[in-house]
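Coordinate analysis (summary)
Listed below, chain by chain, are the residues.
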Amino acid sequence: MTRVSCPVLRSRLTTAHEAATHIGPGDNVGMSGFTGAGYPKAVPVALAARIRAAHERGEDFRIGLWTGASTAPDADGVLARAHGISTRLPYNSDPTLRDLINTGEVDYVDAHLSHTAQQMWFGFYGRLNVAVVEVTAALPDGLLVPSSSVGNNKTWLDQADRIVLEVNRWQPREFEGFHDVYYGTALPPHRRPLQLTGPMERIGEPYLRVDPERVVAVVETDAPDRNSPFSPPGEESRAIADHLLDFLRHEVRAGRMPPELLPLQSGVGNVANAVLAGLDDSEFTGLTAFTEVLQDAMLDLLDSGTLRAASATSFGLSDEGVARFMDRIDAYKGRILLRSEEISNHPELIRRLGVIAMNGMIEADVYGHVNSTHVMGSAIMNGIGGSGDFTRNAYLNFFLSPSTAKDGAISTIVPMASHVDHTEHDVHVIVTEQGLADLRGLSPADRADRIIERCAHPSYREALRDYIGRAKAARPQARHTPHLLDEALSWHQRFVETGHM
């Protein structure tokens, strides 16, 4: 049975191939999708086929692709393999697309997720020609039930000249009521404060609005999200989690945090899942989350009662997590709320709620600058995503990583970060399996001592101490943040040349 109940939208039902004809060379296309959830399943594949056919005829056919965050192999991946993307923003994790970005074929705008929608409204990115947005249902009055992510969908539907909807029967019809889409945003100088003082307060509507006259095609699908498996926590991840949990206990005892903590934000990945699993085994209870992505471990916390409720913009579940969510969906209603990412990542709200931010990193230097995006300073991994939104505005932030990578060939703690996404001014706590460095209120020299002694791997500690000592001696009048400029990035250069730092 069709989920397209609106007569006007039902009259636009067509095939994915026909819908893709509404996208032309040079168009900027805003697609739904955030961390592999809620992305369009059929139109990107049909569009890639059109692009390949055009290339075979010797015609140039590429688009600018804008999303909420990462999508999937049948969206980002299929378009990248067709060499059909000219520009990509604001986040990406597809390996084929990553290679094209790093070889210079695709221009990549690595943006803070909270900035994307507003900068689109400001006109910074140019015209949005087409929106391709997945929804769960189109109601008789034309309102749309969002699917497993919200991301930037509101902005794409508001701003696009032409709109293509994918109505996906795989998404549970019970999703109606899980969303809170805020329609009160405005351009400066007409903005007003956001009236949200708790993670689960509603300030918007459970539906997406759309102008039916701009909808040029509606495609019905029945296809799953890209669900990513998570490995069981390893020894290093469990050690990182233990250090962090002990620190939270210390903060509660010191009176700097209530027993139920403050709202949690957790980045994506196995280390983050290990921290959440550690919380489930701890004495903490009555927790809340104000975050971007709901992973399997947060379902565990909700099921056990450790987590009372969670606000996010997207799911990021494994196959097992999806099955569990589908089976218990009624129990999660009222305890899970999905918002637009301009709200889930809004700096004002993060600061007001006092969020505890936990994110991964590629490396940190001895003074606390953190690189979360680039390998050896030049090659993009995924992007800054929302880590900057939360780090800069959190009540307390943590950066988490094993102390080494590549079987010890790379040290996560280095003399100078080869790329800086989060400066020393914003970074509060660094955690590796070796230990935890609380950097709050410390001078650069004290930060360096603490990071080296508590976070660096023992096989690299003496070399880091030696670097700092010689840097201090070399420039007696420049000891605030001493560096040896001819050696600061020598560890990275040595890895590039020899495969080992």
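Structure report, in brief. (Residues numbered from 1 in each chain as written. Predicted model: local features only at pLDDT ≥ 70, side-chain atom pairs only at ≥ 80, totals over all residues. Heavy atoms only, no water.)

Here the focus is the sheet that holds strand β18 (residues 370-371). Spatial strand order, β18-β17-β24: three strands in an open sheet with mixed pairing. Both outer strands of the open sheet, β18 and β24 (413-414), are each paired with one neighbouring strand and no more. By the bridge criterion, two bridges tie strand β17 (residues 363-365) to β18 in an arrangement that is antiparallel. Opposite Ala364, over in β18, you have Val370 as the bridge partner. (Pairing = 2+ DSSP bridges. Helix = DSSP H or I, 4+ residues; strand = E, 2+ residues; numbered from the N terminus.)

Once that is clear, we can look at the side chain of Thr291. Here Thr291 shows up in the loop between β11 (287-290) and β12 (293-294). Classification of Thr291 by relative accessible area gives buried; the value is 0%. Of the polar contacts made by the side chain of Thr291, one reaches the backbone nitrogen of Ser266; its length is 3.2 Å. The residues touching Thr291, leaving out its near neighbours within four places in the chain, are Leu264, Gln265, Ser266, Met298, Ser311, Ala312, Thr313, Ser344 and Phe390. (Buried < 20%, exposed > 50% of the residue type's maximum accessible area, 1.4 Å probe, protein only. Polar contact = N/O pair within 3.5 Å; in protein donor to acceptor, adjacent residues only side chain to side chain. Contact = heavy atoms within 4.5 Å.)

Every buried residue of helix α4 (residues 73-81) is accounted for by Ala75, Asp76, Gly77, Val78, Leu79 and Ala80. In this structure, the buried side of α4 is in contact with β1 (28-31), α3 (43-56), β2 (63-66), β3 (85-89) and α5 (95-102). A positive phi of about 55° marks His83, the residue just after α4.

Before going further, it helps to spend a moment on the pattern of salt bridges. Under the definition given, this model contains 27 salt bridges. In this structure, Asp303 and Arg324 form a salt bridge, with 2.8 Å as the shortest nitrogen-oxygen distance. Linking Asp303 in helix α10 (residues 296-304) with Arg324 in helix α11 (residues 319-327), this pair joins segments that are 21 residues apart in sequence. By relative accessible area, which is 30% here, Asp303 ends up partly exposed. When its relative accessible area of 17% is taken as the criterion, Arg324 is described as buried. Between Arg352 and Glu348 there is a salt bridge, and its shortest N-O distance comes to 2.3 Å. With Arg352 and Glu348 both in helix α14 (residues 347-353) and four residues apart, this pair spans about one turn of that helix. Ionic contacts of the salt-bridge type, sharing partners, join the residues Asp300, Asp303, Glu320, Arg324 and Arg328 into one network. (Salt bridge = Lys/Arg side-chain N within 4 Å of Asp/Glu carboxyl O.)

It is worth spelling out the packing of aromatic side chains at this point. Scanning the model with the defined rule gives eleven aromatic pairs in all. Residues Phe315 and Phe325 carry aromatic rings whose centres are separated by 4.7 Å and whose planes lie at 55° to one another, so their mutual orientation is tilted. Of the two residues, Phe315 is situated in strand β14 (residues 314-315) and Phe325 in helix α11; the sequence distance between them amounts to ten residues. In this structure, Phe315 and Phe325 share a single accessibility class: buried. Taken together, the ring pairs connect Phe175, Phe178, Phe315, Phe325 and Tyr332 into an aromatic cluster. In this arrangement the basic side chain of Arg209 is found over the ring face of Tyr183, its NZ or CZ atom lying 4.0 Å from the centre. (Phe/Tyr/Trp six-rings, centres within 6.5 Å; stacked < 30°, edge-to-face > 60°. Lys NZ or Arg CZ within 6 Å of the ring centre and 35° of its normal.)

Turning our eyes to something else, we now look at the nonpolar core. By size, the foremost hydrophobic cluster in this structure holds 49 residues, and its most contacted members are Leu248, Leu279, Phe325, Ile336, Phe398 and Leu400. Discounting chain neighbours no more than four positions away, the residues touching Phe325 are Pro172, Phe175, Phe178, Leu299, Phe315, Leu317, Tyr332 and Ile336. Counting residues in hydrophobic clusters, the runner-up holds 36 residues, among them Val43, Phe61, Val219 and Val293. (Core = buried A, V, L, I, M, F, W, Y, C linked by side-chain atoms within 4.5 Å.)

Here we take up helix α9 (residues 270-280). Burial analysis of α9 places eight of its eleven residues in the buried class, which makes it a mostly covered element. Each element contacted by the buried residues of α9 is listed here: α8 (235-253), β10 (264-266), β11, α10, β16 (356-360) and β21 (396-400).

So, on to the pairing of strand β25 (residues 429-432). Residues of β25 alternate between two faces, with Val429 and Val431 on one and Ile430 and Thr432 on the opposite face, all of them buried. Bridge count for β21 against β25 is three bridges, and the pairing is parallel. Residue pairing for β25: Phe399 is matched across the bridge by Ile430. Pairing analysis gives four bridges linking β25 to strand β26 (residues 435-438), with the strands arranged antiparallel. Paired with Thr432 across the strands is Gly435, a residue of β26.

Nothing here speaks to function; it is all geometry.
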